[in-house]
Structures are given as structure tokens and as C-alpha cells.
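Fold and geometry: a report
Here is what each chain is made of, one letter per residue.
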Amino acid sequence: MTTRRDAVHDTLRRSEGFRSAQDVYAEMRLHGAKIGLTTVYRALQALADGGQVDVLRTDEGESVYRACASDVHHHHLVCRRCGHTVEVAGPAVERWAEAVGSEHGFTEITHTVEVFGTCAACSKG
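Residues numbered from 1 in each chain as written. Predicted model: local features only at pLDDT ≥ 70, side-chain atom pairs only at ≥ 80, totals over all residues. Heavy atoms only, no water.

With that settled, consider the overall build of the protein chain. Across its full length, the protein chain carries five helices and six strands. Its C-alpha atoms give the protein chain principal-axis dimensions of about 50 × 40 × 25 Å. Looking at the 125 residues of the protein chain, the share that counts as buried comes to 30%. By sequence separation, contacts in the protein chain at least 24 residues apart represent 44% of the contacts at least 6 residues apart. Carbon and sulfur atoms form 52% of the exposed surface of the protein chain, whose accessible area is close to 8,200 Å². (Helix = DSSP H or I, 4+ residues; strand = E, 2+ residues; numbered from the N terminus. Buried < 20%, exposed > 50% of the residue type's maximum accessible area, 1.4 Å probe, protein only. Contact = heavy atoms within 4.5 Å. Areas by Shrake-Rupley, 256 points an atom, 1.4 Å probe, with all protein chains shown as cover.)

So this is what it looks like as C-alpha cells:
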């Protein structure tokens, strides 16, 4: 891993919830990092491709990133208000995706599932 990619990954590891590339860039610059926004985007894409960060698409179509807490396939339960995220297993989803793909002659099935709601803390407030 490159030094800059490591620095981007470290920034995400210290963050709570999902962050945009612009957020990561701004935080890194605030702490004195000499890095360009394009480099942050490239590092995030490489980390996502390597399975080291999770990527979500917001309702506005923006990609947001978070360091993976787990290195096994998982899904996310995300609070719409505060962004609190929980990694969850979905064995029923796994079986369903394989069955639907197989039914239609597809192989090498992959999928991404994010479930959005309101966390307990935000529901109280």
C-alpha cells in the first residue's frame, strides 16, 4: 500500500460513519497533509477495490466511504439522521441472490445491500 493510501485509510479508521472524499480531503489538509483531492479519490477507489473500505451511494448519488470493521462479506444498517452504521450478516440475502442469479443463468453473482432507518438514539430525540 502506498503512503498516501495508508494515510487516507488511517483517516477513515479514525472516523465515525461514512465520509465523502471531500470530507476526508478536508480533514487530512486540516491536519497538515500535503495531498490533492484527486489523490484522495484514487486512494479511496483502490481501497474500495481491495475490500478495505465500504462504499455507499447517498440519495444524492454521492459515494461515501468507511473503513471496514470486518473482512468478510457483510451488509449495512445505516441511520438516515446521524449516519450511525452497523455491519450485519445476511445469509437469507446471500441465498436469495444466488438463487435469482442461477434462475436466470447468471454466474459469479455479487451484490450490495444497505438498509436505511433511524437508530435508537435518533428515535428518542
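On to the pairing of strand β5 (residues 85-88). Examined bridge by bridge, strand β4 (residues 75-79) and β5 share four bridges and lie antiparallel to one another. Within the sheet, the bridge partner assigned to H76 lies in β5 and is E87. Linkage of β4 to β5, two consecutive antiparallel strands, is achieved through a turn of five residues, within which G83 is found at a positive phi near 85°. (Pairing = 2+ DSSP bridges.)

Taking 1.5 Å of rise per residue, the 13 residues of helix α3 (residues 37-49) would be expected to cover 18 Å, and the 18 Å separating its terminal C-alpha atoms lies within 8% of that figure. Buried residues of α3: V40, A43, L44 and L47, and no others. For α3, the arc enclosing every buried residue in end-on projection is 100°, short of the 170-degree limit, so these residues lie on one face. Facing away from the buried side of α3, by more than 90 degrees, are the exposed residues R42 and D49. For α3, the elements touching its buried residues are α1 (3-13), α2 (21-30), β2 (53-57) and β3 (63-67). A positive phi of about 75° marks G51, the residue just after α3. (Expected span 1.5 Å × (residues − 1). Arc of directions from axis to C-beta.)

Opposite charge on two side chains lets them pair, provided their charged atoms get close. The tally for this structure, following the rule as stated, stands at four salt bridges. Put simply, E27 and R19 hold a salt bridge, and the shortest N to O gap is 2.7 Å. Of the charged contacts in the structure, one is a salt bridge between R66 and D54, with a shortest N-O distance of 3.4 Å. One end of the pair, R66, is in strand β3; the other, D54, is in strand β2, and twelve residues separate them in sequence. (Salt bridge = Lys/Arg side-chain N within 4 Å of Asp/Glu carboxyl O.)

The biggest cluster of nonpolar side chains holds 13 residues, and the ones touching the most others in it are V8, L12, V24, M28, V40 and L44. Put simply, the parts of the chain that give this core at least two residues each are α1, α2, α3 and β3. With four residues, the single largest contributor to this core is α3. With sequence-adjacent residues up to four places away left out, V8 is seen in contact with V24, M28, I35, V40, A43, L44 and L47. (Core = buried A, V, L, I, M, F, W, Y, C linked by side-chain atoms within 4.5 Å.)

Turning next to the environment of R14. Mapped onto the elements of the fold, R14 is located in the loop between α1 and β1 (19-20). The exposure class assigned to R14 is exposed, which follows from its relative accessible area of 60%. Sequence separation of R14 and R66 is 52 residues, and the distance between their C-alpha atoms is 9.7 Å.

Strand order across the open sheet formed by three strands is β1-β3-β2, with antiparallel pairing between neighbours. The outermost strands of the open sheet, each flanked by one partner alone, are β1 and β2. Pairing analysis gives two bridges linking β1 to β3, with the strands arranged antiparallel. Bridge pairing in β3 places R19 opposite Y65.

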